[in-house]
Structure formats: structure tokens, C-alpha cells
Amino acid sequence: MPLVLLDRDGVINHDSTDYIRTAHEWRPLPGSLESIVALNGAGFTVAVCTNQSAVGRGYIDRATLMEIHSRMIEALGALGGRLDGIYVCPHAPDARCACRKPEPGLLHAAMRELGFAPQETTMVGDSLRDMQAGLAAACAVMLVRTGHGTHDEAAVRALGVDAVFDDLRGAAAALIRPC
């Protein structure tokens, strides 16, 4: 079965204009965890590829980021789901690294480590930069309107992306349906 790469903030959990700074602030979007469980059940490998510039900006440390991810993993596990990997760019935007989306570095790392080719991979995100990263990595891409998705939809469609869904539930259903 194929690989699904998910952005975190705005796809799995509520986004924050002031960053998620504690594990307690992490809150899943309605239906997002159940969607990951459904993808797991359909045999997909599921991983997260997320920019977390709050680390590079000094707003949170790596230990706090790990606590936030532990909360996400525990909430998912309570429903019988799992993530096969979490790939993080901790750098601030001015670092000019190869891993910060819209660069494809995180996606390349996930595909390499999990053993998938680009044609076996779909990136699901809520922003123009998620779609740019997916396209740069030669993956299929899906935009969700949660998070920044509604704001970025016109720019994403201008790239030729027409796989647009209201939320992760819709994207997951579309991925599972053809299988």
C-alpha cells in the first residue's frame, strides 16, 4: 500500500497563529485522528512532515516538541491508530535549509526511510508550501481546506492541483476508495 504524508498543524490538529507551545495546547481537528486510523486500516503507511519553526525561533525547545508529538501519538493510539514516522524541520524560515517546506527535503527523507517512491506517495497539506513541497518531490498532492487551506486554495489550484477536500476525512476517503 502507498505512503501518505500529512502536514501536522491545520491538517491533523488546530493551527495557532501564535504557535502550539505546550502539549496541552495540541487539539486534534474533528475526525482527523479517525481518518488516520482509517488509512492505517486500509494498509497505508502514514507519516507526518511538519515545519516547526517555533523551535528555530526559540519559542519552544525540542523536548517540548517531543511532548506535543507524544500527546498526538497517544491520542491516535487510544483510537487504535499509529504514525509510521514524524519528520520535522525545526529551522526558522531564514535558515534557508533543504528540509523546510516548500523545499522537498522532509518528504524525500520520509520516502527514503520508509521505502517508498514518489509515485507511491501522496502529500496531504493545508497550505501552498505543502503543495509546492509535494510537487517538488514528485508526489501526488491533496489540499485540505482546514488550517490555511481555504486561504491558499486559489494559489494551489493555479498550480494545477484539483484534489481539494474540506478536511482530512475527505482526503482519506478519496485515498481509500480506489484501493
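Every chain's residues receive numbers from 1 upward, in the order its sequence appears when written. This being a predicted model, a pLDDT of at least 70 is required before a residue's local features are given, and a value of 80 or more before pairs of side-chain atoms are given or counted; all residues contribute to the totals for chains, interfaces and linings. In computing side-chain properties, one takes all heavy atoms of the structure into account and sets aside hydrogens as well as water.

**Comments concerning helix α5 (residues 128-136)**
Next up, step 1: All of the buried residues in α5 are D130, M131, A133 and G134. The buried residues of α5 occupy an angular sector of 160° when projected down its axis, which confines them to one face.
Next up, step 2: Contacts: residue pairs with any heavy atoms within 4.5 Å of one another. Runs of E in the DSSP output that reach at least two residues are strands. Runs of H or I that reach at least four are helices, and both are numbered from the N terminus. Looking at the buried positions of α5, the neighbouring elements they touch are α4 (105-114), β4 (121-125), β5 (140-144) and α6 (149-158).
Next up, step 3: Positive phi appears at A138, one or two residues downstream of α5, with a value of about 65°. Exposure classes here rest on a 1.4 Å probe applied to the protein chains alone. A residue is buried below 20% of its type maximum, exposed above 50%, and partly exposed in between. This arc is built from the directions going out from the helix axis to the C-beta atoms.

**Some words on the environment of L79**
Next up, step 1: Tracing the sequence through the fold places L79 in the loop between α3 (62-78) and β3 (85-89).
Next up, step 2: Relative accessible area serves as the criterion here: at 41%, L79 is assigned to the partly exposed category.
Next up, step 3: When the C-alpha atoms of L79 and E34 are compared, they prove to be 7.2 Å apart, with 45 residues separating the residues in sequence.
Next up, step 4: Those residues in contact with L79, other than ones at most four positions away along the chain, are L33, E34 and V37.

**Things to note about the pairing of strand β1 (residues 3-6)**
Next up, step 1: Neither face of β1 is left uncovered, since the one carrying L3 and L5 and the one carrying V4 and L6 both have all their residues buried.
Next up, step 2: Note on pairing: DSSP must find at least two bridges between two strands before they are called paired. Note that β1 and strand β2 (residues 45-51) share four bridges and pair parallel. Following the sheet pairing, L6 is matched in β2 by V48.
Next up, step 3: Assessed by its sense of winding, the connection that carries the chain from β1 through helix α1 (residues 32-41) to β2 is right-handed.
Next up, step 4: Direction of pairing for β1 relative to β4: parallel, over a ladder of four bridges. By the criterion used throughout, a crossover qualifies as right-handed when its path from the first strand across the helix to the second strand runs clockwise, the strands pointing away from the viewer.

**Here's the deal with the layout of surface pockets**
Next up, step 1: For each structure, a 1 Å grid was placed over the protein atoms alone; sets of points admitting a 1.4 Å probe that cannot get out are labelled cavities, open sets with protein on both sides within 12 Å along at least five of seven lines are labelled pockets, and lining residues have an atom within 4 Å of a point. Grid points are joined across faces, edges and corners, and a volume is the space filled by probe spheres set on the points. Size it by volume and the largest pocket reaches roughly 450 Å³.
Next up, step 2: As for the largest pocket, its lining consists of 21 residues, and the residues nearest its centre are D9, D15, Y19, R129 and H148.
Next up, step 3: Elements with a contribution of two residues or more to the lining of the largest pocket: β2, α2 (53-56) and α5.
Next up, step 4: Polarity classes work like this: nonpolar for Ala, Val, Leu, Ile, Met, Phe, Trp, Tyr, Cys and Pro, charged for Asp, Glu, Lys and Arg, and polar for all others, with Gly in that last group. For the lining of the largest pocket, the per-class residue count stands at three nonpolar, eight polar and ten charged.

**Examining the environment of M142**
Next up, step 1: Along the chain, the position of M142 falls in strand β5.
Next up, step 2: Considered as a pair, M142 and D130 are twelve residues apart in the sequence and their alpha carbons are 9.1 Å apart.

**Regarding the pattern of salt bridges**
Next up, step 1: Take a side-chain nitrogen of Lys or Arg and a carboxyl oxygen of Asp or Glu: if they are within 4 Å of each other, that pair is a salt bridge. Evaluated as defined, the whole model comprises nine salt bridges.
Next up, step 2: The closest approach of N and O atoms between R145 and E153, which form a salt bridge, is 2.9 Å.
Next up, step 3: With relative accessibility at 26%, the residue R145 sits in the partly exposed group.
Next up, step 4: Look at E153 and you get buried, because its relative accessible area is 14%.
Next up, step 5: For E153, the salt bridge identified is with R157, shortest N-O distance 2.9 Å. Residue E153 and its partner R157 are located together in helix α6, separated by four residues, close to a single helical turn.
Next up, step 6: Judged by relative accessible area, which is 37%, R157 ranks as partly exposed.
Next up, step 7: Taken together, the salt bridges that share partners define one network made up of R145, E153, R157 and D166.

**Remarks on the packing of aromatic side chains**
Next up, step 1: Here is the rule: rings of Phe, Tyr and Trp (six-membered ring for Trp) pair when centre to centre is within 6.5 Å. Planes less than 30 degrees apart are stacked, more than 60 are edge-to-face, and the remainder are tilted. Under the criterion given, the structure shown has one aromatic pair.
Next up, step 2: Counting as a charge over the ring demands two things of the Lys NZ or Arg CZ atom: a distance within 6 Å of the ring centre and an angle within 35 degrees of the ring normal. Residue placement shows R21 over the ring face of Y59; its charged tip is 4.5 Å from the ring centre.

**Here's the deal with the packing of α1 against helix α7 (residues 168-176)**
Relative orientation and spacing of two packed helices are given, respectively, by the angle between their axes and the distance between those axes.
Next up, step 1: Helix axes are fitted to C-alpha atoms over the stretch in contact, other axes to C-alpha atoms as well, and angles between N-to-C directions run from 0 to 180 degrees. Between α1 and α7, the least distance of the axes is 9 Å, while the angle of their chain directions is 10°. Comparing their axes, α7 and α1 come out roughly parallel. Residues S32, S35, I36, A38 and L39 of α1 touch α7, and the partners they reach there are L168, R169, A172, L175 and I176. Orientation categories follow fixed angle ranges, with anything under 35 degrees roughly parallel, anything over 145 roughly antiparallel, 65 to 115 roughly perpendicular, and all other angles oblique.

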